[in-house]
Amino acid sequence: MRVRPLTCTETRRGDQRVVHSLGDGTVHVSATSPGGLEGAAAPPELPPSPRQVTAARHDATFGFSAVFDAGASQEAVFEGSGMRQLVELAIDGFSCTVFAFGQTGSGKTYTLMGPLTQSEAQPAAPGVLGLMQRSFACLLEQSRSRGSDLVLSASYLEIYNEQVTARPAAPPGTAGTPHLHCPPRRVPQVRDLLSPGPPHALPLRWSKTRGFYVENQLSMDFESLEAITDLLLQALIPPTPAGSQRRRTSAHALNSHSSRSHALLTVHVRSRAVSTHPAPGTWGGRGGAAGPSKEGSLCFVDLAGSERVKETGSSGELSTEANSINRSLLALGHCISLLAKPRGKRTHIPYRDSKLTRLLARSLGGSGVTLMVACISPSSRCLSETLSTLHYASRARKVTTKP
């Protein structure tokens, strides 16, 4: 659980801090909701939606594996959340996932990727790098310390209004070697995160051996972790006057840079121990006796923030986007609620209710290892969404997988 600081706007407005970290993985919420609180009477399996018209006093304590208050550094979040262990498990051949969840403007993208002002020309200071960049550095560090050789490939997808889009074939001379060539099709209002070219819609399939997967998904090999970092920076470049942009973002009353899609970056890690004694025909051609290979993955999921149209002031296209975002998050919350029940009492898990839950099916209830980073605002104005996120995360904590 990560609690962001109050913003300058919230401070000037006089918002009160209603969330406090008590230490030892606990967070306390103490506030009164005058004039009614939307969502206070919601059923436990879904984020709140009914309206309560009387004032209510909220005084509750929640426990999590770790809680990071407003003063926590990016490094503290990386080390204290277990992210380093996930990187090590991916090298050992496990399928690992980390996803950030929370209200719009709660700090999800900052936690995963760092500040949005960074670019290839002006990279972010080391102290504010997000979980993604730190994980890439950790991959390289672990590779050297273990004496293993790594082969990396990556794919970057976004789900916008329940459409899955991916990078089209790389133009000649660009970095990376595409495994598959997919003729591009134009999909209105959707852009790929890695290429300025036309968007490419991809179908979502299911098979007994692979589970849910994206058909014709492009995967690109990289010779260095720096190349993957460069792609992340490209995704952070703001729109140009010509209209070229990466991930869908828009401004509303609560967030000037609100993500309008769910983004999934998957790094596939193939590792093999390498001996220091030269031997012919070695794997990767690097001059050492090769040991058994392992294939793991590390998936970063930056979920679009939940939002109430009444609070954001969204209308038209923004309202449509908000409805799609909330619908997929509701489906995710329903799956998490069912998975949190004891195995003997579980009913059918409706992964097919949205493309998001299909793509996360293996991470949530399969054989992978998953870390959820829930981000909340301490502002009294965001109390309703903060309580929703806290209950959401409490249910997710009960979900267990068998890696």
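Computed from a prediction, not measured in an experiment: that's the story for all the values here. Position labels on residues start from 1 in each chain and follow its written sequence. Residue-level local features of this predicted model are given only where pLDDT is at least 70; pairs of side-chain atoms are given and counted only at 80 or more, and the full residue set underlies all totals for whole chains, interfaces and linings. The side-chain figures draw on all heavy atoms in the structure; neither hydrogens nor water molecules are used.

A closer look at the packing of helix α3 (residues 83–91) against helix α5 (residues 131–146)
The criterion, for reference: In this analysis an axis means a line fitted to C-alpha atoms, helices contributing only their contacting stretch, and an angle means the value between N-to-C directions, from 0 to 180 degrees. Labels follow the DSSP assignment, with helices taken as runs of H or I lasting at least four residues and strands as runs of E lasting at least two, numbered in each case from the N terminus. Angular relationships are summarised with four words: roughly parallel below 35 degrees, roughly antiparallel beyond 145, roughly perpendicular across 65 to 115, and oblique for the angles in between. Take the far helix as your reference; a near helix turned counterclockwise from it by less than a right angle gives a left-handed crossing, and one turned clockwise gives a right-handed crossing. Whether two residues touch is decided by their heavy atoms; if any such pair falls within 4.5 Å, the residues are in contact.
Contact pair α3 / α5: the axes reach a minimum separation of 9 Å and the direction vectors enclose 50°. Classified by the interaxial angle, the pair formed by α3 and α5 is oblique. The handedness of the crossing between α3 and α5 is right-handed. Facing α3, whose interface residues are M83, R84, V87, E88 and I91, α5 presents L131, S135, C138, L139, E141, Q142 and R146.

Here we look at the nonpolar core
As a reminder of what qualifies: Residues belong to one nonpolar core when they are buried, are Ala, Val, Leu, Ile, Met, Phe, Trp, Tyr or Cys, and are joined through side-chain atoms within 4.5 Å. Burial classes follow relative accessibility: with a 1.4 Å probe on protein chains only, a residue under 20% of its type's maximum area counts as buried, one over 50% as exposed, and anything between as partly exposed.
Judged by nonpolar contacts, the single largest core of 40 residues is most densely connected at M83 and F300. Sequence-distant contacts of M83, that is, excluding residues within four places in its chain, are made with F78, V98, L131, S135, L298, F300 and L371. Residues L157, I159, L202 and L303 belong to the second largest nonpolar core, which totals 29 residues.

Section: the environment of R358
Following the sequence through the fold, R358 ends up in helix α9 (residues 355–359). Placed 147 residues apart in sequence, R358 and G211 show a C-alpha to C-alpha distance of 8.8 Å. If we ignore the near neighbours within four places in the chain, the residues touching R358 are L204, F212, Y351 and R352.

Describing helix α11 (residues 383–396)
Heads up, the condition is: In this analysis, the expected span of each helix is defined as 1.5 Å times one less than the number of residues it contains.
Over its 14 residues, α11 extends 20 Å from the first C-alpha to the last, a length consistent with the 20 Å expected when each residue adds 1.5 Å. When you tally the buried positions in α11, you get 12 out of 14 residues, the bulk of the element. Among all positions of α11, only L383, S384, E385, T386, L387, S388, T389, L390, Y392, A393, R395 and A396 are buried.

Some points on the pairing of strand β13 (residues 211–214)
What counts is decided by this rule: Whether two strands pair depends on DSSP finding at least two bridges between them.
In this sheet, β13 lies alongside strand β12 (residues 204–207) in antiparallel orientation, the contact comprising 4 bridges. Paired with R205 across the two strands is Y213, which belongs to β13. Once β12 ends, the chain turns through 3 residues before running back antiparallel as β13.

A short note on the UniProt feature "binding site: ATP" (unreviewed entry) in the protein
Let me state the cut-off plainly: UniProt positions are given in the numbering used here, feature names are shortened, and annotations may be inferred rather than shown by experiment. Polar contacts, as counted here, are pairs of nitrogen or oxygen atoms within 3.5 Å of one another; within protein the pair requires one atom able to donate a hydrogen and one able to accept it, and residues that are adjacent in sequence qualify only if both atoms are side-chain atoms.
Taking the numbering used here, the UniProt-annotated feature "binding site: ATP" (unreviewed entry) corresponds to G102, Q103, T104, G105, S106, G107, K108 and T109. On the basis of relative accessibility, which here comes to 6%, the residue K108 falls in the buried class. Only 3.0 Å separates the side chain of K108 from the backbone oxygen of Q103, close enough to count as a polar contact.

Some remarks on the pattern of salt bridges
Charged atoms that come close allow side chains of opposite charge to pair. Where we set the bar: Each salt bridge in this description consists of a side-chain nitrogen of Lys or Arg and a carboxyl oxygen of Asp or Glu lying within 4 Å of one another.
Tallying each qualifying case throughout the model produces 5 salt bridges. Here E10 ties to R4 by a salt bridge, and the two come within 2.7 Å at their closest N and O atoms. On the basis of relative accessibility, which here comes to 13%, the residue R4 falls in the buried class. For R13, the salt bridge identified is with D15, shortest N-O distance 2.6 Å. Owing to a relative accessible area of 13%, D15 belongs among the buried residues under this scheme.

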